[in-house]
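# Secondary and tertiary structure notes
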Amino acid sequence: MQEFYIECITWDTTFNLDSEITLYVRHGGAAFRICYDPRILAVSPTVLDQHHESYRILHNDDPDGEFLEVAERLRKPFEELMTQMASSMESIRHLHSYLYPPWFILEARVAKSSSHIQPHFKLALSRQEFIRPGDYVTNNFLQAHLSPLLNSKLNQYSSRQVQVLAQTPQLVPSRVLVDSTVYFFKPWVSGRVHGYHELQSYRKILADTEASPPLLADARICRLYGLIIDNDDNVLQHYPLDNGEEDHSGTRLVGLLLTCIENRGTLKDLAPWDDCTNEDRLRWSGQIHHAVECLHNAGVIWGDAKPENVLIDMEGDAWLIDFGGSYTPGWVDEDKRETVEGDWQGVQRIDDWLTRWSRQPVARIKRSGKGVGEGGV
């Protein structure tokens, strides 16, 4: 059975018992907006009381408390209807199917003499209402960082050309196949400032690799290999048009194709345990030093230097990921953020951290497994 994944829940943040509660759910190849409107539920005092109680719990916003239980309780009555509707949809074999699923609005109704929710299909989302992923390439903030890449030799693809091989637990495509090569897909999030810094870093790495190939040749760092660019007229045909509104079409950056690093986990996951040898820790330290030096020679700052941003591949080698800048307190001081000095401070603290675990590793039962990772969060 395919999973249901609740992407988010919305409600009035200012306390209001008459607030609507809306769930956004992925299932199969479809996406659903489930609406609980207290004006509709008021025909049943019992159901309205349950709605008020759900709102109180959500408003407290305690994810470790009853939050998840409420989310599942609100989703459950719609499970059968969503399964029926999604059964006729194409499964997510290509990135296009994930980015542009058919969106359906469902509504909670109830009979006067009943205390049970009756799921109701209301309508399909129109093209004008659909929140389009990514950023338009004409966006002033994005344009300055993206234009050099668009004018470079970097490959550009439509989401229709990208085959999905694996997804995260949140059902987001992760490992993808393009032109017989496996990459890590990183969605482009609109307005994410760190993304602009990341594009700038990848541009420098590309330019330096072309100008002086040996400089970064053996550096184990995540690299950018392609851009996913979609044109609205090419990818949104299956959404119904609302005749009362004008549709403004354009071209959007929706994702990046990055190095796919088959990995055992992050440095943070592996280094503390007693099944990791001091030889491993020493080798990882040396590889981190070498990679950071290569980045600096190319004019690139790692930025958020910390064990979580080092992946250990299946051969036991360390790779640097996440070139989005910023910093993490305890690893890099704020006044040294996004500087060469800050990078070396973070590297030194990683070395100190590795030394501590080399002296007092944590015992555990050995386990096996692998993940897929790349450069970015």
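This text goes with the structure placed above it.
Residues numbered from 1 in each chain as written. Predicted model: local features only at pLDDT ≥ 70, side-chain atom pairs only at ≥ 80, totals over all residues. Heavy atoms only, no water.

### A word on the overall build of the protein chain
Looking only at helices and strands, the protein chain has 12 helices and 16 strands in total. When its C-alpha atoms are laid out on the principal axes, the protein chain stretches across 70 × 50 × 40 Å. For the protein chain, the proportion of its 377 residues judged to be buried stands at 49%. Look at the contacts in the protein chain between residues 6 or more apart in sequence, and 69% of them connect residues 24 or more apart. Surface accessibility of the protein chain: about 18600 Å² in total, with carbon and sulfur atoms responsible for 50%. Computed over 37 positive and 54 negative side-chain charges, the inter-centroid distance for the protein chain is 3 Å. (Helix = DSSP H or I, 4+ residues; strand = E, 2+ residues; numbered from the N terminus. Buried < 20%, exposed > 50% of the residue type's maximum accessible area, 1.4 Å probe, protein only. Contact = heavy atoms within 4.5 Å. Areas by Shrake-Rupley, 256 points an atom, 1.4 Å probe, with all protein chains shown as cover. Lys, Arg positive; Asp, Glu negative; His and termini not counted. Charge placed at Lys NZ, Arg CZ, Asp CG, Glu CD.)

### A few points about helix α12 (residues 340–359)
Taking 1.5 Å of rise per residue, 20 residues should cover 28 Å, and α12 covers 29 Å from first to last C-alpha, within 8% of that figure. Buried within α12 we find G342, D343, Q345, G346, V347, I350, D351, W353, L354 and W357. Looking at the buried residues of α12, the elements they touch are α10 (267–270) and α11 (278–297). (Expected span 1.5 Å × (residues − 1).)

### Side note on the nonpolar core
Counting residues in hydrophobic clusters, the biggest one holds 51 residues, and the most contacted among them are L267, I288, W302 and L320. A total of six residues in this core trace back to one element, the largest contributor, which is α11. Leave out the neighbours within four places in its chain, and I288 touches L267, W302, V310, A318, L320, V347 and I350. Formed by 29 residues, the second largest nonpolar core is a distinct cluster that contains F4, I6, M82 and L106. (Core = buried A, V, L, I, M, F, W, Y, C linked by side-chain atoms within 4.5 Å.)

### Focus: the sheet that holds strand β5 (residues 118–124)
Pairing between the strands of a sheet is mediated by backbone hydrogen bonds and can be parallel or antiparallel. In space, the five strands of this open sheet follow the order β1-β2-β3-β4-β5, with mixed pairing throughout. Two strands close off the open sheet at either side, each with one partner strand: β1 (4–10) and β5. With direction set aside, neighbouring strand axes in the sheet form an average angle of 25°. Pairing of β1 with strand β2 (residues 21–27) involves six bridges; the strand directions are antiparallel. Bridged to I9 within β2 is L23. In this fold helix α2 (residues 45–60) packs onto β1, β2 and β3 (30–36), with an angle of close to 80° to the strand it touches most, β2. Where helix α3 (residues 67–75) meets the sheet, it contacts β1, β2 and β3, and its direction lies at approximately 110° from that of β1. (Pairing = 2+ DSSP bridges. Axes fitted to C-alpha atoms, helices over the stretch in contact; angles between N-to-C directions.)

### Topic: the environment of T259
By the secondary structure assignment, T259 is in the loop between β12 (251–258) and β13 (261–266). Take T259: its relative accessible area is 10%, and that puts it in the buried class. Along the primary structure T259 and Y183 are separated by 76 residues, whereas in three dimensions their C-alpha atoms are 5.5 Å apart. Side-chain polar atoms of T259 contact the backbone nitrogen of R223, separated by 2.8 Å. (Polar contact = N/O pair within 3.5 Å; in protein donor to acceptor, adjacent residues only side chain to side chain.)

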